[in-house]
Amino acid sequence: MLAACGSLPSSSISEPATAATSKPLILALPPVDLGCAVAVQQRLTVQPPGQSEQVLEALLEVDTQQVQLAVFHLGQRMGVLRWDGATLDTELSRWWPAQLPPAQVLSDLQMALWPLKAVSQALSPPWSVQQLEAVRVFAKDGVPYAEIKALDTNALQIRYAQGGWSLRVDSPGGMRLCASASLSEAKS
């Protein structure tokens with residue numbers, strides 16, 4: 001899943017979220033926190049502000065030990081990300097957008113698909129997350145940062161409050177990767 005925030009500044013996976021306005025939210029949750037093992041193919045539609053949308057394909061595999069994400073455009077591999085809960089390894093082609101930090105891609109994936117409880121526990125002030133029905137909203141100091149909305153059982157959309165970026169993720173067979181990671185299920 002590609003991030004819809006390519007215009008945000010780069011951040012290291014080990015940097016904690018801070019109150020600085022320029023720092024994006026970077027989650028680095030263990031793979032096991034997803035709560036299940038999955039292997040899915042996804043279609044990503046990235047809509048940069050004022051530009052044409054771009055359609056990409058992704059293969060996502062998660063087990064208790066590793067998250068692996070491969071991203072393709074027009075049949076060409078753009079990159080592979082591997083996260084074991086401690087180290088983010090990347091194999092990026094020359095087509096990988098320089099303004100898109102792999103750590104942000106991993107974070108966006110976890111913002112959207114990991115269980116609300118795991119995500120909430122990983123956040124520290126000034127970050128917060130709330131979920132009502134099929135919408136998960138991340139905020140910084142009470143100001144909306146990103147909204148993740150289940151569009152139907154097979155798709156979700158990530159919209160960033162600043163920058164006008166959006167990302168639609170279509171997953172044949174459904175976005176409910178496992179019952180505990182369901183975005184469409186409201187959690188308290």
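Residues numbered from 1 in each chain as written. Predicted model: local features only at pLDDT ≥ 70, side-chain atom pairs only at ≥ 80, totals over all residues. Heavy atoms only, no water.

Caption draft 1: Highlighting the overall build of the protein. The helix and strand tally for the protein stands at 2 helices and 10 strands. Starting at the N terminus and ending at the C terminus, the protein contains elements arranged as β-β-β-β-β-α-α-β-β-β-β-β. Taking all 188 residues of the protein together, the buried fraction comes to 46%. Here the analysis covers contacts within the protein between residues at least 6 apart in sequence; of these, 49% occur between residues at least 24 apart. Carbon and sulfur atoms provide 51% of the accessible area of the protein, an area that totals close to 9,000 Å². (Helix = DSSP H or I, 4+ residues; strand = E, 2+ residues; numbered from the N terminus. Buried < 20%, exposed > 50% of the residue type's maximum accessible area, 1.4 Å probe, protein only. Contact = heavy atoms within 4.5 Å. Areas by Shrake-Rupley, 256 points an atom, 1.4 Å probe, with all protein chains shown as cover.)

Caption draft 2: Spatial organisation of the side chain of Gln-157. You can see Gln-157 is positioned in strand E9 (residues 155–160). Exposure remark for Gln-157: the relative accessible area of 18% places this residue in the buried category. Polar contacts involving the side chain of Gln-157 include one to the side chain of Arg-159, which spans 3.3 Å. Once you skip the residues sitting within four places of it in the chain, Gln-157 turns out to touch Glu-147, Ile-148, Lys-149, Leu-151, Ser-166, Leu-167 and Arg-168. (Polar contact = N/O pair within 3.5 Å; in protein donor to acceptor, adjacent residues only side chain to side chain.)

Caption draft 3: Structural context of the environment of Asp-108. Counting through the fold element by element, Asp-108 comes out in helix H1 (residues 102–113). Residues Asp-108 and Ile-26, spaced 82 residues apart in sequence, show a C-alpha to C-alpha distance of 8.0 Å.

Caption draft 4: Structural view of the pattern of salt bridges. Per the stated rule, a full pass over the model turns up 4 salt bridges. Where Glu-91 meets Arg-77, a salt bridge forms, and the shortest distance between an N and an O atom there is 3.3 Å. Here Arg-77 lies in strand E4 (residues 76–83) and Glu-91 lies in strand E5 (residues 88–92), a separation of 14 residues in the sequence. Under the relative-accessibility criterion, Glu-91 is labelled partly exposed at 35%. The exposure class assigned to Arg-77 is partly exposed, which follows from its relative accessible area of 41%. Of the charged contacts, one joins Asp-170 and Arg-168 as a salt bridge, the two residues approaching to 2.9 Å between their closest N and O atoms. (Salt bridge = Lys/Arg side-chain N within 4 Å of Asp/Glu carboxyl O.)

Caption draft 5: The arrangement of the nonpolar core in detail. Formed by 49 residues in total, the largest nonpolar core has its most connected members in Leu-60, Met-111, Leu-113, Trp-114 and Phe-138. For this core, the element with the most residues is H1, which contributes 7 residues. Excluding its chain neighbours within four sequence positions, the residues that come into contact with Met-111 are Leu-25, Leu-27, Arg-136, Phe-138, Tyr-145, Ala-146, Ile-148 and Tyr-160. (Core = buried A, V, L, I, M, F, W, Y, C linked by side-chain atoms within 4.5 Å.)

Caption draft 6: Representation of the pairing of E5 in the model. The pairing of E4 with E5 spans 5 bridges and is antiparallel. Along E5, the bridge assignment pairs Gly-79 with Leu-92. What sits between E4 and E5 in their antiparallel hairpin is a turn of 4 residues, with Gly-85 showing a positive phi close to 100°. (Pairing = 2+ DSSP bridges.)

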